[in-house]
Amino acid sequence: MTDLLPTTRTGFESRFNHAPDGLWSAPGRVNLIGEHTDYNDGFVFPFAIDRRTVVALSLRSDRLVRVASSFAEEAIELSLDELFPENLHGWSAYPLGVAWALGGFGADLTAVSGFEVFIDSDVPIGAGLSSSAAIESAVAMALNDVWGLDLDRPALARVGQLAENRAVGAPTGIMDQSASLLGQADAGVFLDCRSLHSEVIPLGFDAADLELVIIDTHVSHSHATGGYAARRASCEAGAAALGRPALRDVSVADLAHAEEILDEKTFRRVRHIVTENQRVLDTVRLLRELGPTAIGPLLDASHLSMRDDFEISVPELDLAVVTAREAGAIGARMTGGGFGGAAIALTPRELVPAVEAAVEAAFARHGYAAPTMFLVHAARGALRES
Ligand code: GAF
């Protein structure tokens, strides 16, 4: 149960003047390791967090769709007959994009009933914790139920990704929606983004007295603009030049040859993906063999690779990472798509106040806006709440 359930129900009732058919929820996610590897058919290891989006939804007897939320004044109305990506704008492109995307996964959009939905969330927006995937996954779960589609969770993740790619216009991979739909309490989701095979792996943070601190820099980022798409294009160009279907098919041992034939920048982009895939595999292995205290150096190496090879960090993220490490975190890295958002610091529980104080002081010294810091814990994935 989450605290948002009563307020979401009330929000629905006050907008639409009747009770919803049900409530569904889905969490945001944090990526522990494996950045930009998802659209390269590689490996990722995120977990669903204890911040959720809740949707209250009911079917209508006609073809009208009405979407309202706690974070926007206006409610959006349109007919299912007008439900095309080019008609969807702003925040409503996430829920309505999912309704449209379900048309590619078995929903007959010429025949299904319209619906009313109210959305509330405590996933911070813009922190790189996938507030968007939380909306997509919660709405996908809800429509899957009320439209009687019987899609499994990996398919619902692909629905959310299609909505993000086509309705929102961000050329993102499958990681965020998969974490939101497949997450489990106290565990990470180890996902092969080619086969979509996933394994839930216990994290053991609590038993090791470790906490994952989120340091939200408030440097805003968007995956629908330049940098993300440019990195994706470099990766695809690198794979093509190497004659491989995807960078998943390039190994660490292939890097010497890659350096010979690629231009310097493309080579660094490729090296990030190839080494990051290996770091995901190493993280999962170390977690199993030695527990979470062993994974710190891999988090650090991931950050350096994103800073120097993939060039998706910003000075605020670098400062957060360096300062957290100096204050006692056992590993730290930026998380998510980059160009802003949040860093994570895996920190012994008793050192969390020291890490937070050091980061706050360092940001003040550099004249950066004060960051927001909080802990996240691995939580269950999307579900029907009532
Ligand atoms: C964003 C995208 F949505 C993901 O698909 C992934 O590529 C991530 O950036 C980077 O690892 O969250």
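Note that the structure is a prediction, hence the values are computed from the model and not measured.

(A) Seen up close, the overall build of the chain. Of the regular secondary structure elements, the chain holds 11 helices and 12 strands. Against the globule reference of 21 Å for 386 residues, the chain gives a C-alpha radius of gyration of 21 Å, in line with a compact fold. Overall, the C-alpha framework of the chain stretches about 60 × 50 × 40 Å when taken along its three principal axes. Buried positions account for 52% of the 386 residues belonging to the chain.

(B) Highlighting the domain arrangement of the chain. Per the domain assignment, the segments of the chain are domain 1 (4–201) and domain 2 (203–376). Going through the elements one at a time, strand S1 (22–33), strand S2 (43–59) and strand S6 (187–192) are the ones with two or more residues in the side of domain 1 that touches domain 2.

(C) Expanded view of helix H5 (residues 175–182). The element H5 is extensively covered by neighbouring structure, given that 8 of its 8 residues are classed as buried. Among the residues of H5, those classed as buried are Met175, Asp176, Gln177, Ser178, Ala179, Ser180, Leu181 and Leu182. Looking at the packing, one finds that the buried side of H5 touches S1, S2, helix H3 (131–146), helix H4 (153–168), S6 and strand S7 (198–202).

(D) Molecular detail of the site of the ligand. Taken together, the neighbourhood of the ligand is formed by 12 residues, with Glu35, Thr172, Gly173, Met175 and Gly337 sitting nearest. Taken together, the residues that form the shell around the ligand break down as 2 nonpolar, 7 polar and 3 charged. Residue contributions to the shell around the ligand reach at least three from each of two domains, namely domain 1 (4–201) and domain 2 (203–376).

(E) Unusual backbone geometry, seen in detail. The backbone of Asp41 sits at a positive phi, close to 65°, despite the residue not being glycine. Among the secondary structure elements, Asp41 is positioned in the loop between S1 and S2.

(F) Quick look at the nonpolar core. Within the largest apolar cluster, 107 residues are counted, with the highest numbers of intra-cluster contacts made by Val55 and Ala138. When residues in this core are grouped by element, the largest group, 10 residues, is from S2. Cys235, Val250, Leu262 and Ile273 belong to the second-largest nonpolar core, a separate cluster that totals 9 residues.

(G) Looking closely at the environment of Ala332. Within the fold, Ala332 resides in strand S9 (residues 331–334). Residue class for Ala332 comes out buried when judged on the 29 C-beta atoms lying within 10 Å of it. When near neighbours in sequence (up to four residues on either side) are disregarded, Ala332 contacts Leu299, Asp300, His303, Val321, Ala324, Arg325, Ala343, Ile344 and Ala345.

(H) Up close: the environment of Pro6. Within the secondary structure, Pro6 sits in helix H1 (residues 4–16). Linking Pro6 and Ser61, residues 55 residues apart in sequence, is a C-alpha distance of 25 Å.

(I) Structural detail: the packing of helix H6 (residues 226–241) against helix H8 (residues 264–290). Where H6 contacts H8, the two axes come as close as 9 Å, and the packing angle between them is 90°. Between H6 and H8, the angle falls in the class roughly perpendicular. Counting all contacts with H6, which are made through Arg231, Ser234, Cys235, Ala237 and Gly238, the residues of H8 involved are Thr266, Arg269, Val270 and Ile273.

(J) Summary view of the UniProt feature "domain: GHMP kinase C-terminal" (unreviewed entry) in the chain. When the UniProt feature table is mapped onto this chain, "domain: GHMP kinase C-terminal" (unreviewed entry) is found at residues 291–363. The distance separating the terminal C-alpha atoms of residues 291–363 is 32 Å; by composition the span is 52% helix and 15% strand.

(K) Seen up close, the sheet that holds strand S10 (residues 342–348). In space, the 4 strands of this open sheet follow the order S9-S10-S8-S11, with antiparallel pairing throughout. In the strand order of this sheet, the two ends are held by S9 and strand S11 (372–376), each with one partner. Averaged over all pairs of adjacent strands, the angle between their axes in this sheet comes to 20°, without regard to strand direction. Where S9 and S10 come together, 4 bridges link them in antiparallel fashion. What sits directly across from Met334, in S10, is Ala343. Helix-sheet contacts for helix H10 (residues 315–326) involve strand S8 (210–216), S9 and S10, and the interaxial angle to S9 is about 175°. Lying on the sheet, helix H11 (residues 352–365) is in contact with S8, S10 and S11; it crosses S8 at an angle near 15°.

Quick notes on the rules
Residues numbered from 1 in each chain as written. Predicted model: local features only at pLDDT ≥ 70, side-chain atom pairs only at ≥ 80, totals over all residues. Helix = DSSP H or I, 4+ residues; strand = E, 2+ residues; numbered from the N terminus. Rg over C-alpha atoms; globule rule 2.2 N^0.38 Å. Buried ≥ 20, exposed ≤ 12 C-beta atoms within 10 Å, placed from the backbone. Domains from an automatic or database assignment. Contact = placed C-beta atoms within 7 Å. Near = placed C-beta within 6 Å. Nonpolar A, V, L, I, M, F, W, Y, C, P; charged D, E, K, R; others polar. Core = buried A, V, L, I, M, F, W, Y, C linked by C-beta atoms within 7 Å. Axes fitted to C-alpha atoms, helices over the stretch in contact; angles between N-to-C directions. Parallel < 35°, antiparallel > 145°, perpendicular 65-115°, else oblique. UniProt positions renumbered as here; feature names shortened; annotations may be inferred. Pairing = 2+ DSSP bridges.

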